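Close look at the chain arrangement
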Amino acid sequence: MKMTFRHYGNDDPIKLKYIKQIPGVTGVMCMMNEFEAGEIWDKETFQKYVNEVHAAGLECEIIESINVHEDIKMGLPTRDKYIENYKQSLRNVAECGVKTVIYNFMPVFDWVKTELKHGLPDGSNTLAFDQKMVEGLTPRDMVDGILKGAGDFQLPGWEPERLELLEEVLEKYKDIDEKKLRENYKYFLEAIIPICEDLGIKMAVHPDDPAWPIFDIPRITSTVEDLEKIVNLVDSPSNTLCLCTGSLGSRKENDIPAILYDFAKRGKIGAVHARNIKFTGDRKFYEAAHKSDYGSLDMYEIMKSLKDAGFDGYIRPDHGRMIWGEEGRAGYGLYDRALGVTYLNGLLEAIEKDEDRYDSKKKY
Ligand SMILES: [Mn+2]
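These remarks concern the structure in this document. Per chain, the residues get numbers from 1 upward, laid out in the order the sequence is written. Residues qualify for local features only when their pLDDT is at least 70, as the model is predicted, and side-chain atom pairs are given and counted only at 80 or more; totals for whole chains, interfaces and linings, by contrast, use all residues.

1. Re the overall build of the protein chain
Applied cut-off: Secondary structure elements are taken from DSSP: a helix is a run of H or I of four residues or more, a strand is a run of E of two residues or more, and numbering for both begins at the N terminus. Each radius of gyration is computed over the set of C-alpha atoms, and the globule rule expresses the reference value as 2.2 Å times the number of residues to the power 0.38. Put simply, a residue is buried when 20 or more other C-beta atoms lie within 10 Å of its own C-beta and exposed when 12 or fewer do; between those, it is partly exposed, and each C-beta is set from the backbone. Contact between two residues is assigned whenever their backbone-derived C-beta positions fall within 7 Å.
Helix and strand counts for the protein chain come out as 14 helices and 12 strands. A compact globule built from 364 residues should have a C-alpha radius of gyration of about 21 Å, and the protein chain, at 20 Å, falls within 12% of that. Across its three principal axes, the protein chain shows a C-alpha extent of roughly 65 × 50 × 40 Å. Here the protein chain holds 364 residues, and 45% of them are scored as buried. Across the protein chain, every contact between residues at least 6 apart in sequence was considered, and the portion connecting residues at least 24 apart equals 74%.

Okay, structure coming up:
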């Protein structure tokens, strides 16, 4: 398992050398804001960044994400042009050493939260979601509310060029149900997966966040049945999942350790985002500290299931709270995520050593 840390490329106030100082981190999961959805990831620009990552003593083998253009999701005639661009981006990043690409196939919105600075009793703040706060709002109200809370930081998946066309895009989705969206998804995967196989790249799709439809827009990455359908759309070692525990786990019936074990065992997990969330009501939760008893997910079981399934891919802590007075991009401060790394690595060391100890019957 390779422990990594999300980095926003040239746009990130968190320096690569600080990431290198977190014990046990071997590389970054990088997100580049330079490239809009549908645009080719320019090799020279990306290679320059990769060189900086290497100079900091870190690896850059996984990126999140090469965004999928809305026309591909909607199945418009223009999609073929964007799919060709996508293929070229894959070739370019592969030449720079990328082995896994996280992406999502969520219409219109990436992740959705109703509060970016939800205060916790210890004085920290975190991202939170409450379905009741979304009901009665128009999509535009919700977007404006979230962007206001984001301050100067652009949120991933909330690119201004996408949001400008919000109403227009929503209108077009009125004729697209889950079945149609899945057909469009299959068309995309059938086009790119053979290229990925040649390049030795794994595609890893991120689940819906939260894992149910918002504003009646179809969502097809929310349940275990959805995930099964996805890995069967194109059966290939390059067609995998990025299992984000906090996103998929927002749907209470999703048994995350069982899902992780099952898909990892079959080689269908390309990456893991490890995040804990705390339920505070029906379809209401906040993103908690990683430690199991601070949230509703059992992080020990999550790490154990990965270890037992022989998962050897990339993992990172996910969103952190804002602690110690830090101000930054919502969910992506340095301190709490660094604590998350250390906690996850601690769990892993204990799990691994416990197995050795059991095998050798060693006491002290
Ligand atoms: Mn995630």
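2. Examining the sheet that holds strand β11 (residues 284–288)
Backbone hydrogen bonds hold the strands of a sheet together, and the pairing may be parallel or antiparallel. Our working rule: Should DSSP find at least two bridges between two strands, the strands are taken to pair. Between N-to-C directions, angles span 0 to 180 degrees; the directions come from axes that are lines fitted to C-alpha atoms, helices contributing only their stretch in contact.
With antiparallel pairing, 4 strands are arranged side by side in an open sheet as β5-β6-β11-β10. The open sheet is flanked by β5 (115–119) and β10 (276–281), the only strands paired with a single partner. The sheet shows a mean angle of 40° between the axes of neighbouring strands, direction not considered. In this structure, β10 lies alongside β11, joined through 5 bridges in antiparallel fashion. Paired with I277 across the bridge in β11 is E287.

3. Points about the environment of D42
Mapped onto the secondary structure, D42 falls in the loop between β2 (27–30) and α2 (43–55). Using a count of 15 C-beta atoms within 10 Å as the deciding quantity, one classes D42 as partly exposed. A sequence separation of 51 residues divides D42 from V93, and the C-alpha atoms of the two residues are 8.5 Å apart.

4. What about the pairing of strand β4 (residues 100–103)?
Bridging between strand β3 (residues 59–64) and β4 involves 3 bridges; their strand directions are parallel. Bridged to I62 within β4 is T100.

5. Structural notes on the environment of F285
Secondary-structure assignment places F285 in strand β11. F285 sits in the buried class, given 25 other C-beta atoms within 10 Å. C-alpha separation for the pair F285 and K229, spaced 56 residues apart in sequence, amounts to 27 Å. Leaving out residues up to four positions away in the same chain, F285 has contacts with A128, F129, S250, I277, K278, F279 and T280.

6. Quick word on the sheet that holds β4
The strand order around the closed barrel built from 8 strands is β1-β2-β3-β4-β7-β8-β9-β12, with neighbouring strands paired in parallel fashion. Averaged over neighbouring strand pairs, the angle between their axes works out to 30° when direction is ignored.

7. Some remarks on the packing of helix α13 (residues 299–308) against helix α14 (residues 335–360)
Put simply, the rule is: The cut-offs work like this: below 35 degrees is roughly parallel, past 145 is roughly antiparallel, 65 to 115 is roughly perpendicular, and the gaps in between are oblique. For any helix crossing, the convention is left-handed if the near helix is rotated counterclockwise from the far helix by under a right angle, and right-handed if that rotation is clockwise.
With their axes 10 Å apart at the nearest point, α13 and α14 run at an angle of 55° to one another. By the angle class used here, α13 and α14 are oblique. The two elements α13 and α14 cross, and the hand of that crossing is right-handed. Of the residues in α14, those touching α13 at M299, Y300, M303, K304 and K307 are L344, L347, L348, I351 and E352.

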